[in-house]
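Residues per chain, in single letters:
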Amino acid sequence: METIEVVVVGAGQAGTATSHELSERGVDHVVLEAERPGFSWSRRWDSFTLVTPNHGIRLPGGSYVGDDPHGYLPRAGIEQHISTYAAGLAAEVRSGTRVDRLRPAAGGGFVLDTAEGAIAARSVVVATGAYQRPYHPPAVAALPPRLEVMDSVDYRSPANLPDGAVLVVGGGQSACQIAEELARTGRDVVMACGRAPWFYRRLEGRDIFDWLSDAGFFDEGPEALPTPAARLGANLQATGTRGGHDLTYRTLASLGVRLGGHLVADPGDAPRLAPDLEEILAFCDMAHGMIRKALLEWCARAGRPALDIPPAADFHPGPVRELDLAAVGAVIVAAGYRSRYTEWIEIPGIVDQFGFPVHDDGESTVAPGLHFVGVHMLRKRKSSLLMGVGEDAALTAERIAAALRAPAA
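What comes next concerns the included structure. All of these numbers come straight from a predicted model, not from anything done at the bench.

With the rule as written, the count across this model stands at 34 salt bridges. Here E346 ties to R101 by a salt bridge, and the two come within 3.4 Å at their closest N and O atoms. Taken together, the residues E346 in the loop between β19 (337-338) and β20 (359-360) and R101 in strand β6 (residues 99-104) connect sequence positions 245 residues apart. Its relative accessible area of 43% is what places E346 among the partly exposed residues. Three or more residues joined by partner-sharing salt bridges are found here, namely D219, D361, R379, K380, K382, E391 and D392.

Next up, the structure:
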């Protein structure tokens, strides 16, 4: 069995940032990657872009250095940035090495089972990304077998879809971006809407993510959420395509997208759209109001003039009441993601009831020496983002280095 002191699993932004920080502290380690560095970004659709400005790419030692800091990198550009960053790491990155199982070792530490053999490690950093397993609402299983049902990671472009209307299930960034692209190509789009916050792309000519960053929004931790379950909620409706612009249910409706309630199915019956669109839109507007209030309060604290932020205007589109599945050619499910840690990490109690690691500053509380980086809302709102993962990577690397320096008990 090969023995490696520290192993990092995953070579996306979280794994590569952690590797950089471990090397900065003189910690020998190896990075294991199932595919290639940055591969997960390649699974996005053809027109995909970042929703945060390029200057928000702040990997340690690998920040954005291009000539369009306020633009939004396309899919290929994001993957190339991470690939180049990984190529410059001091540690070995083993591409094509998938970890099938992680288990405790009899004498302490961990064993990682791969197709190339088992590896014993004292410490392991799990950096497998925030988007691991697409979530399917239960009603999706009741859709007719003839329909082509795909997740957002399988969608590529409108040209790759069969004829007919397209049902988009979800309401976050991916759902809205795909629905907009389809509508702009003339497709008939019906949305089974979900709850998601919305806001204006720019205020006073400046990106909303810059304003939120200044206001400390991305530095808030899970304790700022109303309930632990809120970690599963959708991110802000936004897009970086065509230079970045407002993307909300309002803009989608103006493009002809037909909005309905969430997808439900009674036993033995075909799926239908619930009559709850008004409640969904009320939630979205409430979230808008909370963001507006937070920004205005920040302006007051910072002693700067209040931003001119229009309140949410009345919006009462006629909901789709009857879902004609016979006219639907494809269904795209973009209803968020869940973790899959328990599918390959054989340590009881490693995650909570929502699938998030049970941890102390990223280190498992049930398996000391096992660390997590790149998890949504791990420590802060920015924990999984290109703008914030480096901070968590540095803390984890320092924690591992301190443990290695500590005298054996």
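A word on the packing of aromatic side chains. Under the counting rule described, the total for this entry stands at 10 aromatic pairs. Between F209 and F218, the ring centres sit 5.9 Å apart and the planes meet at 15°, which makes this aromatic pair stacked. F218 carries the same exposure label as F209, and that label is buried. By the ring-pair criterion, three or more aromatic residues cluster together here, those being W41, W45, F48 and Y155. Here R206 stacks its cationic end above the ring of W211, 4.6 Å away from the centre of that ring. Over the face of the ring belonging to Y135 we find R338, whose NZ or CZ atom lies 4.0 Å from the ring centre.

Attention shifts here to the pairing of strand β12 (residues 189-192). Of the two faces of β12, the one lined by V189 and M191 and the one lined by V190 and A192 are each fully buried. In terms of strand pairing, strand β11 (residues 165-169) meets β12 through four bridges, oriented parallel. When the sheet's bridge partners are listed, V168 is paired in β12 with M191. Regarding the hand of the β-α-β motif, the stretch spanning β11, helix α4 (residues 173-184) and β12 is right-handed. As paired strands, β12 and strand β15 (residues 258-260) are joined by three bridges and run parallel to one another. Note that in β15 the partner of V190 across the bridge is R258.

Counting residues in hydrophobic clusters, the biggest one holds 75 residues, and the most contacted among them are L182, M191, F199, L203, I208, Y249 and L295. With residues near it in sequence (within four places) discarded, I208 still touches F199, Y200, R201, R202, L203, L236 and L295. Membership of the second largest hydrophobic core comes to 25 residues, among which are V30, I350, V351 and L378.

Moving on, we get to helix α8 (residues 389-405). With 17 residues, α8 ought to run about 24 Å at 1.5 Å a step, and its terminal C-alpha atoms sit 24 Å apart, in line with that. Taken as a whole, α8 has its buried residues at V389, G390, D392, A393, A394, T396, A397, I400 and A401. Contacts from the buried residues of α8 go to β1 (2-9), α1 (13-24), β3 (58-59), β8 (117-126) and β22 (370-372).

This brings us to the side chain of T16. Its place among the elements puts T16 in helix α1. A polar side-chain atom of T16 sits 3.4 Å from the main-chain carbonyl oxygen of Q13. Discounting residues that sit within four places of it in the chain, T16 has contacts with G10, A11, I82, Y85, A86 and L89.

Definitions and cut-offs
Residues numbered from 1 in each chain as written. Predicted model: local features only at pLDDT ≥ 70, side-chain atom pairs only at ≥ 80, totals over all residues. Heavy atoms only, no water. Salt bridge = Lys/Arg side-chain N within 4 Å of Asp/Glu carboxyl O. Helix = DSSP H or I, 4+ residues; strand = E, 2+ residues; numbered from the N terminus. Buried < 20%, exposed > 50% of the residue type's maximum accessible area, 1.4 Å probe, protein only. Phe/Tyr/Trp six-rings, centres within 6.5 Å; stacked < 30°, edge-to-face > 60°. Lys NZ or Arg CZ within 6 Å of the ring centre and 35° of its normal. Pairing = 2+ DSSP bridges. Right-handed = clockwise from strand over helix to strand, strands pointing away. Core = buried A, V, L, I, M, F, W, Y, C linked by side-chain atoms within 4.5 Å. Contact = heavy atoms within 4.5 Å. Expected span 1.5 Å × (residues − 1). Polar contact = N/O pair within 3.5 Å; in protein donor to acceptor, adjacent residues only side chain to side chain.

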